[in-house]
Amino acid sequence: MTPNDSNRNRLLSDSPDGTVSNVASNSTNHTIDTALTSAFWKNDWSNVQKSLSSLRSSLASFPSSPLRIMRVSQLDADLLDFELFDMLKEQLWLSFSLFNPQFKQTFEPELLAILQLIMYRLSIYESGASYGAQLQNLKYRNERQHWGGLQSTAKDSPLTKFQKFVYGALTIGGQYMWMRVNRLVTAQGWGELSEDNPRKVFWKILQKVENVYKSLSLLNFLIFLYDGKYRTLIDRILSMRLVYTRRIMNRQVSFEFLNRQLVWHAFTEFLLFLMPLINLRKLKNILKRKFLPEAYSKSHTLDFLPMHICAICHENQSASNAPMSSVVTVDSSKIHNPYETNCGHIYCYFCIKTKLIQEDGTWQCLRCGDEVKEIKRVLEKLVDENDNDQEENDSIRKNKGKHPEK
């Protein structure tokens, strides 16, 4: 029984005869109930005001469970935004290339700034989330209103107009100004001026600012990987944190494709590590000698080539230019620095030595099919052209002496 019911029964029981009158109207009972209930509610509410205010003030200092947002979702949102912007930029460049390509080169920073402004106005400014963040069930919230125990509250504080304005000014206006200043500095060659020139000093300041920004961005990214709160440096400065739009919705991601990609990537990495350790040429020749009959190997030799032609040079030239045939280019396939194999055939020293090194000291001769295990140098007798002419003249004289003219 509630206090209101007990009070009503107590008041109604104070009648002269000690009984409840049956002639009381329904309107009178309703009026009494309303008055008693309102009076009881007001008294209790005023009594607990001090307790509620102290509880609200101390709520932020209470420890609460941290709000965990998947880092991969935040990074995927950034990648989706970049891909969408890149697609729109390509379409924009294509349209300008058809009409006035020079206009695109001259006003590229302005065109990019306008495109970014349109996307920002339709996404973050309107709904507090970019297009990529919306696809990942994410949105921005004002983290300054969620310190301490208010971090995991069910209701998220929206971004203020100041945060939206400064975010757009830094991301769009800052990038535009940086591109314009870099173009001006590069076009006028400020970095090549003398050290005491004010323009050179300004150029050095720009370089230092860029290095400091990159260092701070790297540090912020490492902190983001640790706590998963602020993805970019601008988000940290403005206390703009990505949180789930609907926290009860699960992230619908199929990891089947990701698992296949990981397995295939690991397999290809293993093959790239293993392939340099395997001698494919030697393995190929071993398999050919083991599974192909000897008659087949003998029938596919290059014994038809002239002796002054290197069979290895001919094979390399035929493989790179045309199918193997008996037509030989003498200049490119002629033997240089000849060496003789144990089977009696002659090759270029560079060619035969390379084959033996590649196949660990044993190689199958291209002319006869035998295994080549050792080579030796061929010593040729050098004959001067004048000596050859003299020998030809002597032989002509001898022939004339034996057969005098009639």
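Residue numbers run consecutively from 1 along every chain, following the written order of its sequence. Selection of residues for local features in this predicted model requires a pLDDT of at least 70, selection of side-chain atom pairs for listing and counting requires 80 or more, and totals for whole chains, interfaces and linings are taken over all residues. The basis for every side-chain value is the complete set of heavy atoms in the structure, and neither hydrogens nor water enter the calculation.

- Going by an unreviewed UniProt entry, the protein carries the name RING-type E3 ubiquitin transferase (cysteine targeting) and comes from Funneliformis mosseae.
- UniProt positions are given in the numbering used here, feature names are shortened, and annotations may be inferred rather than shown by experiment. The annotation that UniProt attaches to the protein under Catalytic activity (unreviewed entry) is "[E2 ubiquitin-conjugating enzyme]-S-ubiquitinyl-L-cysteine + [acceptor protein]-L-cysteine = [E2 ubiquitin-conjugating enzyme]-L-cysteine + [acceptor protein]-S-ubiquitinyl-L-cysteine."
- In its Subcellular location (unreviewed entry) section, UniProt records this for the protein: "Peroxisome membrane".

## Examining a nonpolar patch on the surface
Part 1 of the reasoning: Only residues whose relative accessible area exceeds 30% and that form no salt bridge enter a patch; like-charged residues are grouped when within 9 Å of one another, and nonpolar side chains (Val, Leu, Ile, Met, Phe, Trp, Tyr) when within 5 Å. To be clear on the numbers: accessible area is Shrake-Rupley with a 1.4 Å probe, and residue cover counts the displayed protein chains and nothing else. What makes a salt bridge here is a side-chain nitrogen of Lys or Arg within 4 Å of a carboxyl oxygen of Asp or Glu, nothing more. Taken together, the side chains of Trp264, Phe267, Phe270, Leu271, Phe273, Met275, Leu277, Ile278, Leu280, Leu283, Leu287 and Phe291 present a nonpolar region at the surface, about 1,200 Å² in accessible area.
Part 2 of the reasoning: Numbered from the N terminus, helices here are DSSP runs of H or I no shorter than four residues, and strands are runs of E no shorter than two. At five residues, the largest contribution of residues to the nonpolar patch is made by helix 12 (residues 256-274).
Part 3 of the reasoning: Within the secondary structure, phenylalanine 267 sits in helix 12.
Part 4 of the reasoning: Whether a residue is buried, partly exposed or exposed follows from its accessible area with a 1.4 Å probe, protein chains only, as a fraction of its type maximum: under 20%, in between, or over 50%, in that order. Judged by relative accessible area, which is 41%, phenylalanine 267 ranks as partly exposed.

## Focus: helix 10 (residues 198-227)
Part 1 of the reasoning: A helix is expected to reach a length of 1.5 Å times the quantity of its residues less one. Over its 30 residues, helix 10 runs 43 Å from end to end, which matches the ideal 44 Å to within 8%, given 1.5 Å per residue.
Part 2 of the reasoning: Within the sequence span of helix 10, burial applies to Lys200, Leu206, Asn220 and Phe224.
Part 3 of the reasoning: Throughout, a residue-residue contact means that at least one pair of heavy atoms, one from each residue, lies within 4.5 Å. The elements touched by buried residues of helix 10 are helix 4 (71-99), helix 9 (161-188) and helix 11 (233-238).
Part 4 of the reasoning: In protein, a polar contact means a hydrogen-donor-capable atom and an acceptor-capable atom, both N or O and within 3.5 Å, with residues adjacent in sequence counting only if both atoms are side-chain atoms; elsewhere, any N or O pair within 3.5 Å suffices. At the N-terminal boundary of helix 10, the capping side chain belongs to asparagine 197, with an oxygen 2.9 Å from the backbone nitrogen of arginine 199.
Part 5 of the reasoning: Of the residues one or two after helix 10, glycine 228 is the one with positive phi, at around 70°.

## Description of the packing of aromatic side chains
Part 1 of the reasoning: Pairing of aromatic rings covers Phe, Tyr and Trp, the last counted by its six-membered ring, and requires centre-to-centre distances within 6.5 Å; plane angles under 30 degrees mean stacked, over 60 mean edge-to-face, and any other angle means tilted. A full pass over the atoms with the stated rule returns nine aromatic pairs.
Part 2 of the reasoning: Pairing tyrosine 339 with tyrosine 349 gives two aromatic rings, centres 4.6 Å apart and planes at 45°, and the pair type is tilted. Of this pair, tyrosine 339 sits in strand 3 (residues 338-341) while tyrosine 349 sits in helix 17 (residues 349-358), and the two are ten residues apart along the sequence.
Part 3 of the reasoning: We call a charge positioned over a ring when the NZ of a Lys or the CZ of an Arg lies within 6 Å of the ring centre and within 35 degrees of the ring normal. The ring of tryptophan 93 is capped by lysine 104, whose NZ or CZ atom sits 5.1 Å from the centre of that ring.
Part 4 of the reasoning: Over the ring of tyrosine 125 we find lysine 164, and its NZ or CZ is 5.6 Å from the ring centre.

## Remarks on the nonpolar core
In a soluble, globular protein the nonpolar side chains are often hidden away together inside.
Part 1 of the reasoning: Among the nonpolar cores identified, the biggest contains 20 residues, and Ile69, Ala133, Leu138, Tyr140, Tyr167, Leu238 and Met240 are the most heavily contacted of them.
Part 2 of the reasoning: Those elements that provide at least two residues to this core are helix 6 (108-122), strand 1 (138-142), helix 9, helix 11 and strand 2 (240-244).
Part 3 of the reasoning: It is strand 2 that provides the largest number of residues to this core, a total of four residues.
Part 4 of the reasoning: Every residue in contact with isoleucine 69, bar those within four places of it in the chain, is listed here: Gln74, Leu138, Gly228, Arg241, Leu242, Val243 and Tyr244.
Part 5 of the reasoning: Take the buried residues of types Ala, Val, Leu, Ile, Met, Phe, Trp, Tyr and Cys, join any two whose side-chain atoms come within 4.5 Å, and each joined set is a nonpolar core. Counting 19 residues, the second-largest nonpolar core is a separate cluster that includes Leu302, Ile312, Cys348 and Ile352.

## A short note on the pairing of strand 2
Looking along a regular strand, one sees side chains alternate from face to face of the sheet.
Part 1 of the reasoning: When you tally the buried positions in strand 2, you get five out of five residues, the bulk of the element.
Part 2 of the reasoning: Only when DSSP finds a minimum of two bridges between them are two strands counted as paired. Here strand 1 runs beside strand 2; their pairing, made up of five bridges, is antiparallel. Looking at strand 2, one finds that arginine 141 is bridged to arginine 241.

## Here we look at the pattern of salt bridges
Part 1 of the reasoning: In this structure the tally under the stated criterion is eleven salt bridges.
Part 2 of the reasoning: Its salt-bridge partner being lysine 139, residue aspartate 156 comes within 3.8 Å of it at the nearest N-O pair. Of this pair, aspartate 156 sits in the loop between strand 1 and helix 9 while lysine 139 is found in strand 1, placing the two residues 17 residues apart along the sequence.
Part 3 of the reasoning: Taking the relative accessible area as the measure of exposure, lysine 139 reaches 24% and is therefore partly exposed.
Part 4 of the reasoning: Note that arginine 141 and glutamate 143 form a salt bridge whose closest N and O atoms lie 2.8 Å from each other.

## A short note on the packing of helix 4 against helix 10
Part 1 of the reasoning: Where helix 4 contacts helix 10, the two axes come as close as 9 Å, and the packing angle between them is 135°. Considering the angle they form, helix 4 stands oblique to helix 10. Facing helix 4, whose interface residues are Arg71, Gln74 and Leu75, helix 10 presents Phe221, Phe224, Leu225, Tyr226 and Asp227.
Part 2 of the reasoning: Gly is placed with the polar residues, together with every amino acid not listed as nonpolar (Ala, Val, Leu, Ile, Met, Phe, Trp, Tyr, Cys and Pro) or charged (Asp, Glu, Lys and Arg). Class assignment of the residues belonging to the contact of helix 4 with helix 10 gives a composition of five nonpolar, one polar and two charged. A fitted line through C-alpha atoms represents every axis, and for helices the fit uses only the stretch in contact; the resulting angles, taken between N-to-C directions, go from 0 to 180 degrees. Each angle gets one of four labels, with under 35 degrees taken as roughly parallel, over 145 as roughly antiparallel, 65 to 115 as roughly perpendicular, and the rest as oblique.

## Considering the state of the cysteines
Part 1 of the reasoning: Counting rule for disulfides: a pair of cysteine sulfur atoms within 2.5 Å. Going through the model one piece at a time under the given rule, you end up with zero disulfides.
Part 2 of the reasoning: In this model cysteine 310 remains outside any disulfide bridge; the closest cysteine sulfur is found in cysteine 313, 3.6 Å from its own.
Part 3 of the reasoning: Exposure remark for cysteine 313: the relative accessible area of 16% places this residue in the buried category.

## Quick look at the sheet that holds strand 7 (residues 375-377)
Part 1 of the reasoning: Pairing within the open sheet is antiparallel, and its three strands lie in the order 4-3-7. Either end of the sheet is taken by a strand with one partner, and the two such strands are strand 4 (346-348) and strand 7. Adjacent strand axes in the sheet meet at a mean angle of 40°, parallel and antiparallel pairs treated alike.
Part 2 of the reasoning: The pairing of strand 3 with strand 7 spans three bridges and is antiparallel. In the strand pairing of strand 7, glutamate 340 is matched with lysine 376.

## Remarks on unusual backbone geometry
Part 1 of the reasoning: Non-glycine residue asparagine 137 carries a positive phi angle of around 60°.
Part 2 of the reasoning: Examined against the element boundaries, asparagine 137 turns out to sit in the loop between helix 8 (131-135) and strand 1.
Part 3 of the reasoning: In the Ramachandran plot, serine 239 falls in the positive-phi region, its phi being about 55° despite a non-glycine side chain.
Part 4 of the reasoning: If you trace the backbone, serine 239 turns up in the loop between helix 11 and strand 2.
Part 5 of the reasoning: Looking at serine 239, the relative accessible area reads 8%, which means it is buried.

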